Amino acid sequence: VQLVESGGGLVQAGDSLRLSCGASGMDLSSYVMGWFRQAPGKEREFVGVIEANGRRAYYGDSVKGRFTISRDNAKKTVYLQMNSLSPEDTGVYYCAIFVGSELFDKRHYEYWGQGTQVTVSS
């Protein structure tokens, strides 16, 4: 199983980006999927998580109201729509599969992708 994130890039403050997460060798439609990010020198931070059926998503406080997670199970892809980006959103963004019991804890996720870099300039 390998998750692959894409869609990162260099943008200006206030811009939007949409990240994608897909998988080779696995159907993601049965799994709760999370997004995390990691800035240089900082811990990996919870961004959000979406239920397997896509009906509900939960977000970290720093992105709530600006980021939206969605999924297209037919395409086996999970998305992270990021709006009103600020330099504080800069980091490597990862998707992962939830395997534990604590949705907001990165230790309860496995099969991490390689990440995609998001850089927001001021």
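Residues numbered from 1 in each chain as written. Predicted model: local features only at pLDDT ≥ 70, side-chain atom pairs only at ≥ 80, totals over all residues. Heavy atoms only, no water.

A. Just the overall build of the chain, in detail. Per the secondary structure count, the chain includes zero helices and 11 strands. Ordered by position from the N terminus, the helices and strands of the chain form the series β-β-β-β-β-β-β-β-β-β-β. A compact globule built from 122 residues should have a C-alpha radius of gyration of about 14 Å, and the chain, at 13 Å, falls within 12% of that. Principal axes of the C-alpha set define a box for the chain whose edges measure 40 × 25 × 25 Å. Going through the 122 residues of the chain one by one, you find that 43% of them count as buried. A separation threshold of at least 6 residues defines the contact pool for the chain, and within that pool the share at least 24 residues apart is 53%. (Helix = DSSP H or I, 4+ residues; strand = E, 2+ residues; numbered from the N terminus. Rg over C-alpha atoms; globule rule 2.2 N^0.38 Å. Buried < 20%, exposed > 50% of the residue type's maximum accessible area, 1.4 Å probe, protein only. Contact = heavy atoms within 4.5 Å.)

B. Looking closely at the side chain of Thr 77. Along the polypeptide, Thr 77 turns up in strand E8 (residues 77-82). At a separation of 2.9 Å, a polar atom in the side chain of Thr 77 contacts the main-chain carbonyl oxygen of Lys 75. (Polar contact = N/O pair within 3.5 Å; in protein donor to acceptor, adjacent residues only side chain to side chain.)

C. Examining the environment of Gly 48 more closely. Take Gly 48: it is sitting in strand E5 (residues 45-50). For Gly 48, a relative accessible area of 0% corresponds to the buried category. Spatially, the C-alpha atoms of Gly 48 and Ile 69 are 7.1 Å apart, while their sequence positions differ by 21 residues. Residues in contact with Gly 48, not counting those within four places in the same chain, are Met 33, Gly 34, Trp 35, Tyr 58, Tyr 59 and Ile 69.

D. The arrangement of the pattern of salt bridges in detail. By the definition in use, this model includes seven salt bridges. Between Asp 61 and Lys 64 there is a salt bridge, with its nearest N and O atoms 3.1 Å apart. For Asp 61, a relative accessible area of 68% gives the class exposed. Three or more residues are tied together by salt bridges with common partners; here these are Arg 37, Glu 45, Arg 66 and Asp 89. (Salt bridge = Lys/Arg side-chain N within 4 Å of Asp/Glu carboxyl O.)

E. The arrangement of the nonpolar core in detail. The biggest cluster of nonpolar side chains holds 24 residues, and the ones touching the most others in it are Met 33, Trp 35, Phe 67, Leu 80, Met 82 and Tyr 93. Breaking this core down by element, the ones donating at least two residues are strand E3 (17-24), strand E4 (33-38), E5, strand E7 (67-72), E8, strand E9 (91-98) and strand E11 (116-121). Sequence-distant contacts of Tyr 93, that is, excluding residues within four places in its chain, are made with Glu 5, Leu 19, Phe 36, Arg 37, Val 47, Phe 67, Leu 80, Met 82, Gly 115, Thr 116 and Val 118. (Core = buried A, V, L, I, M, F, W, Y, C linked by side-chain atoms within 4.5 Å.)

F. A look at the state of the cysteines. Across all of its chains, the model carries one disulfide by this definition. Paired through a disulfide, Cys 21 and Cys 95 show a sulfur-sulfur distance of 2.0 Å. With the S-S bond torsion at 70°, the cross-link from Cys 21 to Cys 95 turns out right-handed. You can see Cys 21 sitting in strand E3 and its partner Cys 95 sitting in strand E9, a full 74 residues away along the chain. Overall, the relative accessible area of 0% leaves Cys 21 in the buried class. (Disulfide = S-S within 2.5 Å.)

That is the geometry; function is a separate question.
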